Each structure stands twice: as C-alpha cells, then as structure tokens.
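Report on the structure
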Amino acid sequence: MPPAVRGLGRALTRLTVALALTAGLFATSSVVTTHEGGADSASAMTAHRRTVLRHKVKRGVHIAVNQKGDPYQYGSAGPNRFDCSGLMYYAFRKAGFSNMPRTSSEQARFTDRIKRSNMKRGDLIFFYNSSGVYHVGIFAGWSNGRRLVLHSPNSNGHVRTQRMWTNKWYGGTLRRR
C-alpha cells in the first residue's frame, strides 16, 4: 500500500475514534488499535482522554460552585446539604467520575497525589492530622497570594470558598484518572 494511502487511513481512524469518543459511543479504556502506526493513534487518543478528563473536572467544579450556600450536614451527599466529602462525591460523580468514593480518606487514595506547585483549579486538597485525612475541598485558585478552597467546612457552616487556614494538606488530582 502506498505511504500516502496508509497515512490517510491513520488520519481517518484517528478522526473516527475522536468523533466516537466525543459522541460517547465507547469509553477510552476500551479502545484498541491494531493497524500500523498504532502509536500515533494511541497518543491522539491519550490527548483526547486528557481533554475529556479536564472537561469532567471543570464540570465537577461548576457543579460544586453551584452548591455554594447549601448547609453543612454530617453524612450528607446532596443535593441540598453536604459534608465535605459528600460535596466532592456529589459534584464529581455528577460530572462523570462514576467511581468517586464517598469519604475523604477514600477520595485521597482514589486521586493521584501531586506537588503543590502543580495544583490546578479543580484539583482536590486533602487536610490531614496525626490520624490521617480528615477534610477535603477543591482548589479554587488564588487570592492575594493565598490558596482558596471550595468546601463544606463544618456543622456551623455552608458550602463556600475561603482562604487556606493551615499548611497541613496535600494535593490530589482527577486529571489522570
């Protein structure tokens, strides 16, 4: 087969896979390429998968932001009352992370740990003490040089964004799931 025809075949395969993924016809994890040049198609699908994950994270943040003002209630996962991990569970499951666990410690194990310097809006912030992870929120950006967290803080509170109050935390991301 002439090289130009093989190249066209690879381009059509990539386009077909991208369109099918966009339409939701199959999941990225079930895609297998068997033709020559599979590495090119695999890297195109990996790039597409990253784009899909970024979109899901962005949607999760949007859902969580829309819960601002909802009251805290221990053990609640919405839609109108939340504890900290219940807010993450509600927002990110609704955004398409169907395997998102329910508790903050399980969510910490579910995410990929990342350096603080690599945090992006939508990454999760896990607060810990000597007993382990006790609280979770969403990294919401910066204000006057301080990190902001979107969370459902405590029994006297409501879902809100506030400045970080401690240095005992680490970041986790869903962008690699």
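Higher on the page you've got the structure.
A short tour of the structure in this document, coming up. Predicted model, so just to flag it, every value in this text is computed and none were measured. (Residues numbered from 1 in each chain as written. Predicted model: local features only at pLDDT ≥ 70, side-chain atom pairs only at ≥ 80, totals over all residues. Heavy atoms only, no water.)

**Considerations on the sheet that holds strand β1 (residues 112–114)**
What links the strands of a sheet is backbone hydrogen bonding, and the strands pair in either a parallel or an antiparallel sense. Filter applied, for reference: In this analysis, strands are considered paired if DSSP registers two or more bridges between them. Only DSSP runs of H or I with at least four residues qualify as helices, and only runs of E with at least two residues qualify as strands; both kinds are numbered from the N terminus onward. Lines fitted to the C-alpha atoms define the axes, with helices restricted to the stretch that makes contact. Angles between their N-to-C directions range from 0 to 180 degrees.
Strands sit in the order β1-β6-β2-β3-β4-β5 across an open sheet of six strands; the sheet is antiparallel. On the outer flanks of this sheet lie β1 and β5 (160–163), each paired with one strand and no other. Averaged over all neighbouring strand pairs, the angle between strand axes comes to 45 degrees, with direction disregarded. By the bridge criterion, five bridges tie strand β3 (residues 132–143) to strand β4 (residues 146–151) in an arrangement that is antiparallel. Counted as the bridge partner of F139 is V149 from β4.

**Focus: the side chain of S104**
Short version of the rule: Only protein chains enter the accessibility calculation, which uses a 1.4 Å probe; a residue is then buried when its area is under 20% of its type maximum, exposed when over 50%, and partly exposed in between. By the convention used here, residues are in contact when the closest approach between their heavy atoms is within 4.5 Å.
Mapped onto the fold, S104 is located in helix α4 (residues 104–110). Judged by relative accessible area, which is 10%, S104 ranks as buried. Excluding residues that lie within four positions of it along the chain, S104 makes contacts with S85, F126, V133, Y134, H135 and V136.

**A few points about the nonpolar core**
Formally: Here, nonpolar core means buried Ala, Val, Leu, Ile, Met, Phe, Trp, Tyr and Cys residues that are tied together by side-chain atoms lying within 4.5 Å of each other.
M88, F92, M100, L124 and I138 are the most contacted members of the largest nonpolar core, which has 26 residues in total. If you list the elements that add at least two residues to this core, you get α2 (38–65), α3 (84–94), α4, β2 (124–129) and β3. Among residues more than four places away in sequence, those in contact with L124 are M88, F92, M100, T111, M119, V136, G137, I138, Y170, G171 and G172.

**Here we look at the pairing of β3**
As defined by bridge partners, β2 adjoins β3 across six bridges and the pair is classed as antiparallel. What sits directly across from Y128, in β3, is V133. A loop of two residues connects β2 with β3, the two strands running antiparallel in sequence. Joining the antiparallel neighbours β3 and β4 is a turn of two residues, in which N144 adopts a positive phi near 50 degrees.

**Digging into the pattern of salt bridges**
Our working rule: By definition, a salt bridge exists where a carboxyl oxygen of Asp or Glu is found within 4 Å of a side-chain nitrogen of Lys or Arg.
Enumeration over the complete set of coordinates arrives at two salt bridges. D83 is the partner of R102 in a salt bridge, and the nearest nitrogen-oxygen pair spans 3.2 Å. Of this pair, R102 sits in the loop between α3 and α4 while D83 sits in the loop between α2 and α3, and the two are 19 residues apart along the sequence. For R102, a relative accessible area of 22% puts it in the partly exposed group. Across the salt bridge formed by D123 and R175, the nearest N and O atoms sit 2.7 Å from each other. In this pair, D123 sits in the loop between β1 and β2 while R175 sits in the segment after β6 (169–173), placing the two residues 52 residues apart along the sequence.

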